[in-house]
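Overview (structure and organization)
As a plain string of letters, each chain reads:
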4 protein chains.
Amino acid sequence: MACSKYEYVKSYEQPNRVLNNSWFVVRIDGCSFHEFTKSHNYDKPNDKNGLDLMNRAAESVMRKISDIIIAYGQSDEYRRKTNLWGRKSEKILTYTVSLFTSSFVYYWDNFFPKIRLTHPPTFDGRIIIYPTDKDIRDYLSWRQVDCHINNLYNTCFWALVKFRNISEKEATELLKHSVSSDKNELLFSEFNINYSKVPKQFRKGTVLYRPRQKAKKTRSEYFNMRDIRDKEVVIDDTKDSSDEDITHPIWRCKYEEITINNILKCHQDIIQDAFWIDNEYLLA
Amino acid sequence: MACSKYEYVKSYEQPNRVLNNSWFVVRIDGCSFHEFTKSHNYDKPNDKNGLDLMNRAAESVMRKISDIIIAYGQSDEYRRKTNLWGRKSEKILTYTVSLFTSSFVYYWDNFFPKIRLTHPPTFDGRIIIYPTDKDIRDYLSWRQVDCHINNLYNTCFWALVKFRNISEKEATELLKHSVSSDKNELLFSEFNINYSKVPKQFRKGTVLYRPRQKAKKTRSEYFNMRDIRDKEVVIDDTKDSSDEDITHPIWRCKYEEITINNILKCHQDIIQDAFWIDNEYLLA
Amino acid sequence: MACSKYEYVKSYEQPNRVLNNSWFVVRIDGCSFHEFTKSHNYDKPNDKNGLDLMNRAAESVMRKISDIIIAYGQSDEYRRKTNLWGRKSEKILTYTVSLFTSSFVYYWDNFFPKIRLTHPPTFDGRIIIYPTDKDIRDYLSWRQVDCHINNLYNTCFWALVKFRNISEKEATELLKHSVSSDKNELLFSEFNINYSKVPKQFRKGTVLYRPRQKAKKTRSEYFNMRDIRDKEVVIDDTKDSSDEDITHPIWRCKYEEITINNILKCHQDIIQDAFWIDNEYLLA
Amino acid sequence: MACSKYEYVKSYEQPNRVLNNSWFVVRIDGCSFHEFTKSHNYDKPNDKNGLDLMNRAAESVMRKISDIIIAYGQSDEYRRKTNLWGRKSEKILTYTVSLFTSSFVYYWDNFFPKIRLTHPPTFDGRIIIYPTDKDIRDYLSWRQVDCHINNLYNTCFWALVKFRNISEKEATELLKHSVSSDKNELLFSEFNINYSKVPKQFRKGTVLYRPRQKAKKTRSEYFNMRDIRDKEVVIDDTKDSSDEDITHPIWRCKYEEITINNILKCHQDIIQDAFWIDNEYLLA
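Definitions and cut-offs
Counting restarts for each chain: residues are numbered from 1 in the order of the written sequence. Whichever chain is written first becomes A and whichever ligand is written first becomes 1, with later ones labelled in order. Residues qualify for local features only when their pLDDT is at least 70, as the model is predicted, and side-chain atom pairs are given and counted only at 80 or more; totals for whole chains, interfaces and linings, by contrast, use all residues. Heavy atoms from the whole structure form the basis of all side-chain values; hydrogens and water molecules are not counted. Going along the chain from the N terminus, every DSSP run of H or I of four or more residues is numbered as a helix, and every run of E of two or more is numbered as a strand. Each residue is placed in one exposure class: buried if its accessible area under a 1.4 Å probe, protein chains only, is under 20% of its type's maximum, exposed if it is over 50%, and partly exposed if it falls in between. Here, residues are in contact when the closest pair of their heavy atoms is within 4.5 Å. The quantity reported as buried area is the accessible area (1.4 Å probe) lost by two parts once they are put together, taken as the sum for both. A pairing counts as a salt bridge when a side-chain nitrogen of Lys or Arg comes within 4 Å of a carboxyl oxygen of Asp or Glu. Least squares is used to superpose the copies, and the fit set is the C-alpha atoms of residues whose pLDDT is at least 70 in both copies. Each Phe, Tyr or Trp ring, with Trp reduced to its six-membered ring, pairs with another whose centre is within 6.5 Å; inter-plane angles below 30 degrees give stacked pairs, above 60 give edge-to-face pairs, and intermediate values give tilted ones. Two thresholds decide whether a charge sits over a ring: the Lys NZ or Arg CZ must be within 6 Å of the ring centre and within 35 degrees of the ring normal. By definition here, a helix of n residues has an expected span of 1.5 Å times n minus one. Counted as a polar contact is a pair of N or O atoms within 3.5 Å, where, for protein atoms, one must be capable of donating a hydrogen and the other of accepting one, and residues adjacent in sequence contribute only when both atoms are in side chains. UniProt positions are given in the numbering used here, feature names are shortened, and annotations may be inferred rather than shown by experiment. Under this scheme, a helix contributes an axis fitted over its contacting stretch, all axes are lines through C-alpha atoms, and angles between N-to-C directions fall in the 0 to 180 degree range. Just so you know how the angles are binned, under 35 degrees is roughly parallel, over 145 roughly antiparallel, 65 to 115 roughly perpendicular, and the rest oblique. Each helix crossing is assigned a hand: it is left-handed if the near helix lies turned anticlockwise from the far helix by less than a right angle, otherwise right-handed if that turn is clockwise. Only strands joined by at least two bridges in the DSSP assignment are considered to pair. For every residue, the predictor states its confidence as a pLDDT score lying anywhere from 0 to 100. Nonpolar residues are Ala, Val, Leu, Ile, Met, Phe, Trp, Tyr, Cys and Pro. Charged residues are Asp, Glu, Lys and Arg, and all others, Gly as well, are polar. Criterion for a disulfide: a pair of cysteine sulfur atoms within 2.5 Å.

1. With respect to the overall build of chain A
Each helix and strand counted, chain A has ten helices and six strands in total. Taking all 284 residues of chain A together, the buried fraction comes to 54%. For chain A, the proportion of contacts with a sequence separation of at least 24, taken over those separated by at least 6, is 78%.

2. A short note on the interface of chain D and chain B
Taken together, the contact between chain D and chain B spans eight residues of the former and eight residues of the latter. With both chains or domains summed, chain D and chain B bury close to 580 Å², and 61% of this area falls on carbon and sulfur atoms. Counting the surface chain D buries against chain B, the share from its top three residues, D:L19, D:N21 and D:P131, is 68%. Viewed at the interface, chain B and chain D are joined by zero salt bridges.

3. With respect to the relation of the copies chain A and chain B
Mapping chain A onto chain B is achieved by rotating through 180 degrees and translating by 0.0 Å along the same axis, at an RMSD of 0.1 Å. Seen this way, the second copy is the image of the first under a two-fold rotation axis. Counting the interface residues of chain A, we find that 100% of their copies in chain B are interface residues as well, pointing to one common contact surface.

4. Quick notes on the relation of the copies chain D and chain B
Structural alignment of chain D on chain B gives an RMSD of 0.0 Å, achieved by rotating through 180 degrees and translating 0.0 Å along the axis. In this assembly, 100% of the residues forming the interface of chain D have copies in chain B that are likewise at the interface, indicating an isologous arrangement.

5. Some remarks on the environment of A:S167
Position of A:S167 among the secondary structure elements: in the loop between α5 (133-164) and α6 (168-175). C-alpha separation for the pair A:S167 and A:F157, spaced ten residues apart in sequence, amounts to 9.9 Å.

6. A closer look at the packing of aromatic side chains
As enumerated under the stated definition, the model contains 92 aromatic pairs over all chains in all. Aromatic side chains A:F33 and A:F123 sit 5.1 Å apart centroid to centroid with 50 degrees between the ring planes, which places their arrangement in the tilted category. One end of the pair, A:F33, is in helix α1 (residues 33-39); the other, A:F123, is in strand β4 (residues 123-130), and 90 residues separate them in sequence. A ring pair is formed by D:F104 and D:W108, whose centres lie 6.0 Å apart and whose planes are at 45 degrees; its orientation type is tilted. Judged by relative accessible area, which is 0%, D:F104 ranks as buried. Note on D:W108: relative accessible area 1%, which makes it buried. Residue placement shows A:R56 over the ring face of A:Y107; its charged tip is 3.9 Å from the ring centre. Between the NZ or CZ atom of C:R143 and the centre of the ring of C:W142, over which it lies, the distance is 4.6 Å.

7. Digging into helix α2 (residues 48-64) of chain A
A rise of 1.5 Å per residue sets the reference length of α2(A), with its 17 residues, at 24 Å; its end C-alpha atoms lie 24 Å apart and thus fit the reference within 8%. The distance from a side-chain oxygen at the start of α2(A) to the backbone nitrogen of A:N49 is 3.0 Å, and the residue carrying that oxygen is A:D47.

8. Some words on the UniProt feature "binding site: Mg(2+) 2" (unreviewed entry) in chain A
UniProt annotation of "binding site: Mg(2+) 2" (unreviewed entry) refers to A:D29 and A:D76 when read in the numbering used here. Of note, A:D29 is situated in strand β1 (residues 23-30).

9. Quick look at the interface of chain A and chain B
Every contact between the two is made by 55 residues of chain A and, on the other side, 55 residues of chain B. Each partner contributes to the roughly 4700 Å² buried at the junction of chain A and chain B, and carbon and sulfur atoms together form 63% of this total. Between the two partners, chain A and chain B, sit four salt bridges. Here chain A is connected to chain B by 28 residue pairs in polar contact (both at pLDDT 80 or more).

10. Some details on unusual backbone geometry
With omega at 5 degrees, the peptide bond leading from A:K44 into A:P45 counts as cis. Looking at the secondary structure, you find A:P45 in the loop between α1 and α2. Backbone geometry at C:S32 places phi at a positive 55 degrees, although glycine is not the residue there. When its relative accessible area of 51% is taken as the criterion, C:S32 is described as exposed. Backbone geometry at C:N192 places phi at a positive 60 degrees, although glycine is not the residue there. Assignment of secondary structure puts C:N192 in the loop between α6 (180-191) and α7 (200-204). On the accessibility criterion, C:N192 (58% relative accessible area) is exposed.

11. Some details on the packing of helix α2 (residues 48-64) of chain D against helix α3 (residues 89-106) of chain D
Residues and elements named next belong to chain D. At their nearest, the axes of α2 and α3 sit 8 Å apart, and the two run at 135 degrees to each other. By the angle class used here, α2 and α3 are oblique. Between α2 and α3 lies a crossing of right-handed hand. Residues L53, M54, A57, A58, S60, V61 and K64 of α2 lie in contact with α3, whose contacting residues are Y95, T96, L99, F100, S103 and F104.

12. A short note on the pairing of strand β2 (residues 68-72) of chain A
Residue and element names in this part refer to chain A. Within β2, five of the five residues are buried, leaving the element largely enclosed by the surrounding structure. Where β2 and strand β5 (residues 207-209) come together, three bridges link them in antiparallel fashion. Within the sheet, the bridge partner assigned to Y72 lies in β5 and is V207.

13. Comments concerning the pattern of salt bridges
Applying the stated criterion to the full structure yields 60 salt bridges over all chains. The partner of B:K91 in a salt bridge is A:D124, and the shortest N-O contact between them spans 2.3 Å. Of this pair, B:K91 sits in helix α3 (residues 89-111) while A:D124 sits in strand β4, each in a different chain. A salt bridge links B:D146 to B:R143; its shortest N-O distance comes to 3.5 Å. A residue pair is termed a helical-turn pair when its members lie 3 or 4 positions apart in one helix, as B:D146 and B:R143 do in helix α4 (residues 133-164) at three residues. Like B:R143, B:D146 is buried.

14. What to know about the confidence of the model for chain A
All names here are of chain A. Overall, the prediction assigns chain A a mean pLDDT of 82, with 79% of residues at 70 or greater. Contacts of residues 252-259 to residues separated by more than four positions or lying in other chains number 27 contacts, the stretch itself having pLDDT below 50. Both scores are given for the predicted complex: the pTM is 0.81, the ipTM 0.80.

15. Quick look at the packing of helix α5 (residues 133-164) of chain D against helix α7 (residues 180-191) of chain D
All names here are of chain D. Two elements in contact, α5 and α7, have axes whose closest approach is 10 Å; the angle formed by their N-to-C orientations is 35 degrees. Crossing geometry of α5 relative to α7 is assigned as left-handed. In contact with L152, Y153, T155, C156, A159, L160, F163 and R164 of α5, α7 contributes S180, K183, N184, L186, L187, E190 and F191. Partitioning the contact of α5 with α7 into residue classes produces nine nonpolar, three polar and three charged.

16. Regarding the environment of D:N41
Residues and elements named next belong to chain D. Mapped onto the elements of the fold, N41 is located in the loop between α1 (33-39) and α2. What makes N41 exposed here is its relative accessible area of 56%. When the C-alpha atoms of N41 and I115 are compared, they prove to be 8.4 Å apart, with 74 residues separating the residues in sequence.

17. Describing the environment of B:S102
With respect to the helices and strands, B:S102 occurs in helix α3. According to the relative accessible area criterion, B:S102 is buried, its value standing at 0%. When residues no more than four places from it in sequence are discounted, the contact partners of B:S102 are A:T101, A:V105, A:P120 and A:P121.

18. Thoughts on the state of the cysteines
Taken as a whole and judged by the stated rule, the model has zero disulfides over all chains. A:C147 forms no disulfide, and the closest cysteine sulfur to it belongs to A:C266, at a distance of 13 Å.

Below is the structure:
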């Protein structure tokens, strides 16, 4: 509204736009989360509540920004060929990171009712453009492989620290040159952990996406659907979760599927083709 | 740590850096704050608590990022010739916006103990480079002129709505073609408001900066200073605040200076040279 | 090699890279070519030598930069998913424009032996990224449609000026609201020009690309090929050129196909699928 | 003019603008000039005609683009706070490089009347932003120091090759660990070259700039000036050129000052303050 001789400084702004007709990712990472999780007593190797809070924040973002087709992980958001805000990079990036941060703090008490936040937690973000379907799938595969490798390592590390009672430094040293099979063997023989039965949320991370929209519905179907939505049905996307061993003392949580009406949270493999064939509309 | 054949996707990142040896601003704006302030019953035309919460969030950011030399307003941050994170734009931008957002939600209860946040508030941000001292001063002048023009308008608008009891639409219509002198006259003659005595926080916005560091101190000076810091002295940077009329019913708040140990919050004019002569070290 | 306290200024460079795994175009345009063609007596509406010189310059660029898969038109270059110079934008852009410019001046005498260049001609350029195959095909279609529309207009315009003997201003006025069919009719009825028989180089522009590489050759085939190359065979990619009417006095040139050993120059339609099916390896 | 369904591809362009109110440099470098100078028989260590041709090309650029305040060296252009083409980076960059290239080829015969260009020479370029006066002066100092260091090395190198008759490889080896004083001593004792008397064009490079415009003139002054201009006076900016030893057989050229009416070409020191005090209007 206002007008003054100083207004010329507005012309110094140099807005960038995300390239047209390309997939892009808003990658969000916690800042100093090593300290944060320590000072807020997160469970090791995995804190179910902490992960669920991250997923809750991701869900907030997906609810507000309908152009996001998939979110993965602890901390990543993926967006579709959108025209949101004219694809202005800074706007999309900061809005997404801000909403994620805001939701994290806002919902903290729901997930950690007994732990007080000691300071405002912070996230950073960046936008990465992936022009082809293969690029975006490879990005997601990279993240899920990363999740697996880190989780296998961390499970060993904390099993050694908690149950063999060695120091963190000793555990680091011990695992330095170990390969996957060494770690699997260690978990099984010494700690009675079958890694393939570790809860999928920890092994695979969490994938959030919108279920396929049915094209046409009769009136009765419509109301049935509303009923279902009102009841917050759990869509069982983890049929083999009976295989999971959730009683091992390394995980203090009771492991449950949390699913919300029109955004699915699951722990499926997104590296293999199966997920993308079942959900071909996502990249369509 | 992890390694896989998908890792090549990392090479798609295209980090930008903020131009060397230049001032830059991280400008932060609330998203949909018209609705937000309405649904959280902010006072009109000015909500002292709301402004103080914004200042608290700005203070959080300035405490964490020592390279920021000045913050102004409701929502702006200004940074010095910094080497922070190699001047990576996205990192600086998202960290700042995230920390501002996080602090806003974190400190909400301190400023609005009786109002519950109904949803996670969101901010966006952008980085603007101002190469010369004149540029950055003109930017700050632009914002402070803007603050004045908006506040004069809003004070008239809400006086009309609250005390003359006309609709918002009628008030908009009535003020459409008015100039500054018309608005001053209206406030004075009909509502007994001398605009020049409106609290400076509303007329001038808030400036945050670090007081000059004294170079050398005797031991006794040092302890005196610590005493002072411990007592959280109010540094009276608004000598003429006695002139402020803080009893008018249009402002429900009790107006007080809030000042914190090593970051000053004041409401000085930053358009004229005086501020910059007194604080020449800021742009030095 | 050199080293001094001033060398820090090198750190102010901010090289951009062209997004990975994406097509991109280097679009080259003549600067002030309206004046240039006038002062160098180019034929109107089309100067065959002028077009051939542009094509010669494009050919120079394609010879030097083997990652270019296709060039079109008067002035455009298209590049493949290349790793040339680490995809540094400024390097790719300026090298291409410089080589095009240099070749234009260098080969001037070959195409205009009797006209002296009066000053150094100049070109500008820009890089545009087209992530998908559809994008790049649509870009090429856009240019070829543009060529057609401009050529139809210019043919009418100069026929009016040259043969009806009206002023350029009158011709502009007369064509202002005409549609395609009006222009075709005008050419045919008044000037005896069947537009569909106008030389294809003028109607379609010129496409440069590399013919498919045969995978394996016998020794005799290899030598046969060398023979052929030495003789600069004309590859007849314009089978219907017999349909062209090249005798009309509006074109002063003798129209010939120029084709060079391993880069084809032709005037095919690149809007329809046929070209892309015949040459599917180009976008493969 | 033209219009089609394909025109949407124009929206993929992402023009950047050079930051407002900042100095910037268009740095131009020859591509593969080691080979080019060899195949065109350039004199070693310095080819006066080659340098003069570069300066002629730089002069062309400065004549066309009046916002350039200074050009230095073999190959660099520096531009003022300009509004040229809305500061569009790609346009400014490619126009400048193209005009430089074009002028280089166009004026080749003037400087090398007996040597035929064997292929189109090519240059690349980049834009670098220098926000402060100190930055731009340090950039120029960097280049002039670089010129000195390279020239001292090359003078030794070619003296060894030409007069001591050793191979290029041996010369490289011999100079590997030498410092400045070693090289000065070598030149003086063995080759009778006092380096401080080497022609300034080789030691200092060439600076091009516009002389200060006098504000007001009487009519007679005006005509005097025109007279002078018509005669292409040599402005003697190298008062100490009498000190130069231009007879040594290592330089085959006759060394002369070339100066053109309203653009000065000189070989002054631009590292010290003197030049900038004498010509304070350049950065004003």
